[in-house]
Structure formats: structure tokens, C-alpha cells
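# A look at the structure
Chain by chain, the residues run as shown.
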Amino acid sequence: MKKTLIKNAMVVNDGHIQQLDVLIEGQFIAAVGTIPSIDGLEVVDATGLYLMPGVIDGQVHFRDPGLTHKGDIATESRAAVAGGTTSYIDMPNTRPNVLSMPLLEEKYALAAQKSLANFGFFLGVNGDNLDEVLQTDTSSLLAVSDDGLYFTKKGNLLADNPETLEKLFAGCPAIIAIHSEKEQLVEENEERYRAQYGDNVPIECHPLIRSEQACFEATERAIALANRHSARLHILHLTTAAETALFRNDIPLTKKRITTEVSVHHLWFNDQDYARLGTRIKWNPAIKTEQDRQGLMQALLDDRIDFITTDHAPHTEEEKDQPYFQSMSGAPMVQHSLNIMLEFYRQGVISLEKIVEKMSHNPATFYRMSKRGFIREGYYADMVLFDLNQPWTVSKDNILYKCGWSPLEGTELHSQVVSTWVNGHLAYHQGVFDDTQLGLPLVVEQAAR
Ligand SMILES: NC(=O)N[C@@H](CC(=O)O)C(=O)O
């Protein structure tokens with residue numbers, strides 16, 4: 001069995017930063033502490049570098065199958081690993097939408113053939129498959145991506161119907177993960193701005209169309225439903241300061257029934273950036289005001305927001321560079337998420353310990369991933385070694401996404417991922433990939449609520 005000893009790393013884990021050695025044996029962490037180097041060990045000198053558990057991204061769109069002109073599991077998982085992400089959960093709005101167990105299983109089979117990182121998948125729910133989902137033994141889903149469900153206004157995934165919602169919340173033992181925007185309000189706003197501007201609605205109207213009110217009312221309604229039925233609710237990618245007041249920080253994550261996350265771009269951009277970046281930063285829900293951005297960061301720091309995701313949503317440049325209504329919503333982010341959070345660390349906004357809690361520990365805890373998310377003996381050796389002082393600029397020649405662009409092009413970043421281990425395998429080291437060993441399906445610890 002291959003053994004690797006990482007020596008003298010500043011290990012960021014479990015709320016501490018300590019200089020330690022980590023021994024990897026096969027897929028797992030065999031020891032953490034002061035470990036002498038002996039013959040037969042491959043030694044990595046990590047002096048001056050930081051080591052953390054791999055990032056777990058709870059929300060990505062890798063577009064596979066069916067939309068692979070935008071990205072696929074092989075390309076996007078490589079970009080993820082290069083950025084320090086070792087596990088991800090992918091959304092069901094691929095083609096066909098993942099609305100049944102056989103389709104979910106097909107996606108797992110696909111990822112087993114081509115994913116460099118560990119993988120899990122959400123099952124989609126809408127009015128049509130609701131009865132089937134409610135009859136499904138959700139514990140059988142848990143060997144994969146926990147029992148997450150997803151519903152949004154996209155394609156045929158819309159479950160924004162009072163009867164469907166009532167039935168879903170009453171009967172679903174799984175985590176109900178929601179893209180929370182009130183579609184009716186969005187449509188009314190669209191009509192209002194269309195009446196004013198015709199087809200040339202400026203991108204600056206996006207956060208007024210996909211408004212604070214549309215987000216707040218949808219989230220408030222979902223929380224009321226969850227409370228009424230004692231359901232488990234997770235609000236995906238929160239975007240407004242107002243909504244943060246709806247979440248609690250006085251109970252531990254393991255006891256929370258109502259949780260939320262924030263996506264990196266909503267912490268990084270604000271509505272002033274539309275003038276510079278136009279529809280390249282058109283996301284749903286929309287990038288909102290500086291006050292919202294700051295409110296989200298504050299809620300992340302004080303634990304009303306539980307973890308960080310990317311909602312990595314690649315589209316081609318051609319699909320993005322269209323007038324407001326035609327431009328597709330979403331943008332790629334998975335290669336840059338850790339680096340962006342490390343920029344906030346440099347600015348003194350967040351500690352390294354908190355970044356690790358929100359990007360590695362909490363997603364693992366929340367989705368009950370077995371033996372992942374921490375640097376601990378017996379856990380999978382999913383780890384990232386990074387340098388806090390290695391500046392670089394995001395540009396076309398270092399972007400790994402299949403779509404070949406990023407809203408961060410031209411941005412100077414100061415930290416860099418040096419090495420990424422996935423299940424003990426050095427999948428990425430200083431720009432070079434080794435895909436001789438692929439990622440594993442994420443296994444969930446226990447099925448019960
Ligand atoms: N977040 C986005 O703006 N886009 C997502 C879909 C979605 O969640 O709306 C996508 O798949 O492109």
C-alpha cells in the first residue's frame with residue numbers, strides 16, 4: 001500500500017492551525033501528529049504551506065449528461081480538483097432532468113467513469129414525479145448524495161405550486177433543497193421592465209426583477225411550510241441580507257432542521273459590477289447590493305449561513321453575451337472558490353479556520369458524508385496543500401473550464417493550490433493532473449432525520 005508523509009504543514013482543521021505531519025496510507029489518513037520519516041515513505045516537505053481538508057462543494061452544475069457543450073464531468077471535476085475541491089454534489093437540471101432513480105443511477109455510473117473528484121447527485125422533484133419520490137425509500141439514495149431534492153423554475157423542475165409544496169413538505173423525509181425565488185413576482189417584474197424598455201432591458205434591472213422581495217417571500221413561505229410539517233429544509237444560494245434574519249445560529253448544525261448556504265459569487269460581486277461585467281455575471285438568484293453582500297458575509301461569520309457552495313454553472317461565452325432576456329443565467333466558479341475565500345482571509349474578513357469550517361467541515365456534517373470533511377485518522381485522505389503567497393492572475397490560459405472563460409478574468413489572486421489529494425491519490429500537483437485513480441461516490445452515514 002502506498003504511504004505518503006506530509007511533513008511540517010500548517011494544518012487548518014477542527015478550529016485550529018498547528019504545524020503537524022500527516023501520514024496517508026492508501027485511501028485514508030493513517031496518522032496526524034509528529035511522525036518520523038522512515039524508509040519506504042514518500043515524503044512531501046510542506047514547510048511554509050497550509051494543509052486543509054478538501055473543499056466539498058454542495059452545489060454544482062457539471063452539465064453531464066446532455067449539455068456537454070458547456071462542460072462535462074471530466075473537465076469540470078479537473079477544474080474543481082485544481083482549485084482544491086475534492087467532492088461535489090451536482091444538480092439535476094441536466095438533460096434529461098434527473099427525476100427518477102434509474103436516471104440518478106445513470107449519473108452515478110457516468111461519474112464513476114470520468115470524475116476526478118468524489119461525487120454525489122441530487123434527485124429532482126416536480127409536480128409530475130412527486131408521488132414517485134414520496135414512495136421512494138430515500139435511504140437508498142443516501143449511498144449517493146444524501147436525500148437531497150431540488151426544485152427551481154428551470155425547465156420542468158418547477159415545483160412552485162402550493163399543492164405540490166404542501167404535499168412535498170408533508171410527506172418527504174429527505175432534505176428539501178430549494179432554489180428560493182417567487183416565480184410569480186419575478187414574472188410580474190419582468191413584464192413591468194419589458195413595458196418600460198421593450199426587449200432592451202438593461203442588466204442592471206436583473207436584481208430588481210429577481211428582487212429581494214421575490215427571494216424573501218419564497219424563503220419565508222418555505223420556512224413556514226417546513227416548520228408546519230417538521231420537514232428538513234435547505235435554502236440554496238441565499239442572496240439577500242433580509243433573508244439572513246430568517247435563519248438561526250443558536251443551535252448546532254447537527255440539530256438544525258432549517259439550513260442555508262451562500263455561493264462564492266454572492267460574497268464577491270455586487271450590483272456595481274454589472275456596469276463592468278454585464279450579463280457575464282447574470283446569475284439566478286441575482287447579484288444584489290453591497291449591503292446584501294456584506295449582510296451575507298456577516299451571516300456566514302455568525303453561523304446563520306451554514307456553508308459555502310459555488311453553484312458552478314458554466315455556459316459558453318456565446319450563450320452569455322446576449323441581450324438581457326436571452327443571456328443564460330449562471331457562470332463557472334468551481335476552480336476559483338477556495339482562492340476567492342483566501343482573498344477574504346488576506347483582507348482580514350474571515351479566518352482560515354472559518355473558511356475550512358464553511359467549505360469542508362459543514363458540508364460533510366450537513367450531508368452526513370461518511371469519513372470526509374476533516375483531517376482525522378481513519379478519514380479519507382481528501383486534502384489540499386496551498387501557498388498563501390503565490391500571486392497569479394485569472395486568465396484564459398489558466399482557466400480549466402470547458403467553456404474557457406470566467407467572470408474573474410483579470411482578477412489578481414494571491415494564494416495558490418499546490419497539491420490536491422483525493423482518497424489518498426495525488427490527483428493534482430503544480431499544474432499537473434494524475435487521473436489514473438478516479439473519485440468515489442459519496443456515502444452517507446445514516447438515513448434517519
Ligand atoms: N444559477 C444559475 O444562474 N443558473 C443555473 C440554474 C439555476 O439554478 O437557476 C444553471 O444551471 O445555469
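Residues numbered from 1 in each chain as written. Predicted model: local features only at pLDDT ≥ 70, side-chain atom pairs only at ≥ 80, totals over all residues. Heavy atoms only, no water.

## Side note on the overall build of the chain
The condition is simple: Labels follow the DSSP assignment, with helices taken as runs of H or I lasting at least four residues and strands as runs of E lasting at least two, numbered in each case from the N terminus. Exposure is judged per residue with a 1.4 Å probe applied to protein chains only, and the accessible area is read against the type maximum: over 50% gives exposed, under 20% gives buried, and values in between give partly exposed. Here, two residues are considered to be in contact whenever any of their heavy atoms come within 4.5 Å of each other. We get accessible surface area from the Shrake-Rupley algorithm with a probe of 1.4 Å; when it comes to residues, only the shown protein chains can shield them. Counted as positive: Lys and Arg. Counted as negative: Asp and Glu, with His and the chain ends omitted from the count. By convention, the charge on Lys lies at NZ, on Arg at CZ, on Asp at CG and on Glu at CD.
Helix and strand counts for the chain come out as 15 helices and 20 strands. Each principal axis of the C-alpha distribution contributes one length, and for the chain these read about 75 × 50 × 40 Å. Of all 449 residues assigned to the chain, the portion counted as buried reaches 61%. Sequence-distant contacts in the chain: of pairs separated by 6 or more residues, those separated by 24 or more amount to 76%. When the accessible surface of the chain is split by element, carbon and sulfur atoms take 48% of a total near 16700 Å². Averaging the locations of the 40 positively and 60 negatively charged side chains of the chain gives two centres separated by 2 Å.

## Concerning the sheet that holds strand 8 (residues 118-121)
We count it as follows: Strands were regarded as paired on the criterion that DSSP finds at least two bridges between them. Each axis is a line fitted through C-alpha atoms, taken for helices only over the stretch in contact, and angles between the N-to-C directions span 0 to 180 degrees.
Overall, parallel pairing links the three strands, which are arranged 6-7-8 in an open sheet. With partners counted over all chains shown, the strands left at the sheet margins are strand 6 (55-60) and strand 8, one partner each. The mean inter-strand angle of the sheet, taken between neighbouring strand axes irrespective of direction, is 20°. Where strand 6 meets strand 7 (residues 85-90), four bridges bridge the pair, whose relative direction is parallel. Looking at the pairing, Val60 lines up with Asp90 of strand 7. The sheet strands contacting helix 2 (residues 101-114) are strand 7 and strand 8, and the helix crosses strand 8 at an angle near 165°.

## Description of the packing of aromatic side chains
Put simply, the rule reads: In summary, the pairing rule links any two rings of Phe, Tyr or Trp, Trp by its six-membered ring, whose centres are within 6.5 Å, and it sorts them by plane angle into stacked for under 30 degrees, edge-to-face for over 60 and tilted for everything else. For a lysine, the NZ atom is tested; for an arginine, the CZ atom; a charge sits over a ring if that atom is within 6 Å of the ring centre and within 35 degrees of the ring normal.
Inspection of the entire model under this criterion finds 15 aromatic pairs. Plain terms: the ring middles of Phe28 and Tyr380 are 4.6 Å apart, the flat faces sit at 35° to each other, and that makes the pair tilted. Placement of the pair is Phe28 in strand 3 (residues 28-33) and Tyr380 in the loop between helix 15 (352-366) and strand 15 (383-387), with a sequence separation of 352 residues. We classify Tyr380 as buried; its relative accessible area is 17%. Lying across the ring of Tyr380, Arg372 places its NZ or CZ 3.7 Å from the centre.

## Focus: helix 15
What counts, and what does not: A helix's residues, less one, multiplied by 1.5 Å, set its expected span. To obtain the bend at a residue, axes are fitted to the seven residues ending there and to the seven starting there, and the angle between these axes is taken.
For helix 15, with 15 residues, the first-to-last C-alpha span of 20 Å sits near the 21 Å given by 1.5 Å per residue. The axis of helix 15 is deflected most strongly, by about 35°, at Lys358. Listing the buried residues of helix 15 in full gives Leu352, Lys354, Ile355, Val356, Lys358, Met359, Ser360, His361, Asn362, Pro363, Ala364 and Phe366. Phi for Arg368, located one or two positions after helix 15, is positive at around 55°.

## Looking at the nonpolar core
Using the following cut-off: Nine residue types can take part in a nonpolar core, namely buried Ala, Val, Leu, Ile, Met, Phe, Trp, Tyr and Cys, and a core is a set of them joined through side-chain atoms within 4.5 Å. Domain borders in the structure are assigned automatically or taken from a domain database.
Counting 96 residues, the largest nonpolar core has Phe169, Leu233, Leu300, Leu338 and Met341 as its most contacted members. In terms of domain composition, this core takes at least three residues from each of domain 1 (3-51 + 376-433) and domain 2 (55-366). Ignoring any residue separated from it by four or fewer positions in sequence, one finds Leu233 in contact with Phe169, Ile176, Ile178, Ala222, Ile223, Ala226, Arg257, Ile258 and Thr259. Judged by nonpolar contacts, the second largest core, of 17 residues, contains Ala9, Val11, Leu51 and Val418.

## Some points on unusual backbone geometry
The linkage connecting Asp64 with the following residue, Pro65, adopts the cis geometry, with an omega of 5°. When you line up the elements, Pro65 lands in the loop between strand 6 and helix 1 (73-82). The peptide bond linking Arg95 to Pro96 adopts the cis configuration, its omega dihedral lying at -5°. For Asp303, which is not a glycine, the phi torsion comes out positive at approximately 75°. Relative to the helices and strands, Asp303 resides in the loop between helix 12 (290-301) and strand 14 (307-309). Residue class for Asp303 comes out partly exposed when judged on its relative accessible area of 26%.

## Description of the domain arrangement of the chain
To keep things clear, this is the line we draw: A quick way to say it: buried area is the sum, across both parts, of accessible area lost when two parts are put together, with a 1.4 Å probe. Just to be clear on terms, a salt bridge is a Lys or Arg side-chain nitrogen sitting within 4 Å of an Asp or Glu carboxyl oxygen. Counted as a polar contact is a pair of N or O atoms within 3.5 Å, where, for protein atoms, one must be capable of donating a hydrogen and the other of accepting one, and residues adjacent in sequence contribute only when both atoms are in side chains.
The domain architecture assigned to the chain consists of domain 1 (3-51 + 376-433) and domain 2 (55-366). Each of domain 1 and domain 2 has a C-alpha centre, and the two are 27 Å apart. With 40 residues of domain 1 at the contact, the number on the domain 2 side is 48 residues. Summing both partners gives a buried area of about 3400 Å² for domain 1 against domain 2, and 66% of it is carried by carbon and sulfur. Broken down residue by residue, the surface that domain 1 buries against domain 2 is led by Tyr401, Lys402 and Trp405, which jointly contribute 22%. A salt bridge links Lys402 to Asp72; its shortest N-O distance comes to 2.7 Å. Here domain 1 and domain 2 share 16 residue pairs in polar contact (both at pLDDT 80 or more) between them.

## A word on the pairing of strand 18 (residues 416-422)
Side chains on a regular strand alternate between the two faces of the sheet. The buried fraction of strand 18 amounts to six of the seven residues, a majority that puts the element mostly inside the structure. When strand 15 meets strand 18, the two strands line up antiparallel, connected through five bridges. Across the sheet, Leu385 pairs through a bridge with Ser419, a residue of strand 18. By the bridge criterion, four bridges tie strand 18 to strand 19 (residues 425-429) in an arrangement that is antiparallel. Paired with Val422 across the strands is His425, a residue of strand 19. Turn length for the strand 18-strand 19 hairpin, with the two strands adjacent in sequence and antiparallel, is two residues, and the turn residue Asn423 shows positive phi of about 50°.

## Here we look at the pattern of salt bridges
For the coordinates displayed, the defined rule picks out 28 salt bridges. As a salt-bridge pair, Asp250 and Arg248 come within 2.9 Å of each other at their nearest N and O atoms. Across the salt bridge formed by Asp303 and Lys358, the nearest N and O atoms sit 2.8 Å from each other. Of this pair, Asp303 sits in the loop between helix 12 and strand 14 while Lys358 sits in helix 15; the two residues are 55 residues apart in sequence, bridging distant segments of the chain. Bridged by salt links that share partners, the residues Arg280, Glu317, Asp321, Lys396 and Glu409 form one connected network.

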